[in-house]
Amino acid sequence: MVLKRILEESGLKEGREYHTQVSRTNGQGKRLRLDCVIELPEDRFVVVDS
């Protein structure tokens with residue numbers, strides 16, 4: 001809740017500039033649950049594990 005509030009107050013919109021509770025599988029087949037992924041220009045990302 002705190003992280004979402006910080007992101008929203010920073011002017012970011014969920015689903016557009018950031019995504020919460022993202023699930024991904026790494027190269028070894030292990031499933032990862034990321035708290036937040038913030039999208040940056042040029043197909044770059046910031047992963048937040050709070």
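Procedures and definitions
Residues numbered from 1 in each chain as written. Predicted model: local features only at pLDDT ≥ 70, side-chain atom pairs only at ≥ 80, totals over all residues. Heavy atoms only, no water. Helix = DSSP H or I, 4+ residues; strand = E, 2+ residues; numbered from the N terminus. Contact = heavy atoms within 4.5 Å. Core = buried A, V, L, I, M, F, W, Y, C linked by side-chain atoms within 4.5 Å. Buried < 20%, exposed > 50% of the residue type's maximum accessible area, 1.4 Å probe, protein only. Pairing = 2+ DSSP bridges. Axes fitted to C-alpha atoms, helices over the stretch in contact; angles between N-to-C directions. Salt bridge = Lys/Arg side-chain N within 4 Å of Asp/Glu carboxyl O.

Explain the environment of threonine 25 to me, please; I cannot follow it from the model alone.
Note on placement: threonine 25 falls in strand β1 (residues 18–25). Each C-alpha atom of the pair threonine 25 and aspartate 35 lies 14 Å from the other, and the pair is 10 residues apart in sequence. Residues contacting threonine 25, with those up to four places away along its chain left out, are Lys30 and Arg31.

Help me out: how do you make sense of the nonpolar core in this one?
Soluble globular proteins: nonpolar side chains tend toward being buried together. Leu7, Tyr18, Cys36, Ile38 and Val48 form the largest nonpolar core, which has 5 residues in total. The contacts of leucine 7, once residues within four sequence positions are left out, are Leu12, Tyr18, Cys36 and Ile38.

What should I look at first to understand unusual backbone geometry in this one?
One can expect most non-glycine residues to show negative phi and most peptide bonds to be in trans. Even without glycine at this site, glutamine 21 takes up a positive phi of about 50°. Relative to the helices and strands, glutamine 21 resides in strand β1. We classify glutamine 21 as partly exposed; its relative accessible area is 41%. A positive phi is found at glutamate 42, a non-glycine position, where the angle reads about 60°. With respect to the helices and strands, the residue glutamate 42 is situated in the loop between β2 (31–40) and β3 (44–48).

Help me understand the sheet that holds β2 in this model?
In a beta sheet, neighbouring strands pair by backbone hydrogen bonds and run either parallel or antiparallel. On the basis of which strands lie adjacent, the open sheet formed by 3 strands has the order β1-β2-β3 and antiparallel pairing. Across the chains shown, the open sheet's two edge strands, defined by having one partner strand only, are β1 and β3. The average angle at which neighbouring strand axes cross in this sheet is 45°, direction not considered. Of the strand pairs in this sheet, β2 and β3 are connected by 5 bridges, and their pairing is antiparallel. Its bridge partner lying in β3, isoleucine 38 is registered against valine 46.

Could you clarify how one ought to interpret the pattern of salt bridges in this entry?
A pair can form between side chains of opposite charge whenever their charged atoms are brought close. In total, this model carries 3 salt bridges according to the counting rule given. Measuring nitrogen to oxygen at the nearest pair gives 3.2 Å for the salt bridge that ties glutamate 14 to lysine 4. Highlighted residues: glutamate 14 in the loop between α1 (2–9) and β1 and lysine 4 in helix α1, separated in sequence by 10 residues. Judged by its relative accessible area of 39%, lysine 4 is partly exposed. Among the ionic pairs, arginine 5 bridges to glutamate 9, the shortest N-O distance being 3.0 Å. On the criterion of helical spacing, the pair formed by arginine 5 and glutamate 9 is a turn pair, its members being 4 residues apart in helix α1. Considered together, arginine 5 and glutamate 9 belong to a single accessibility category, that of exposed residues.

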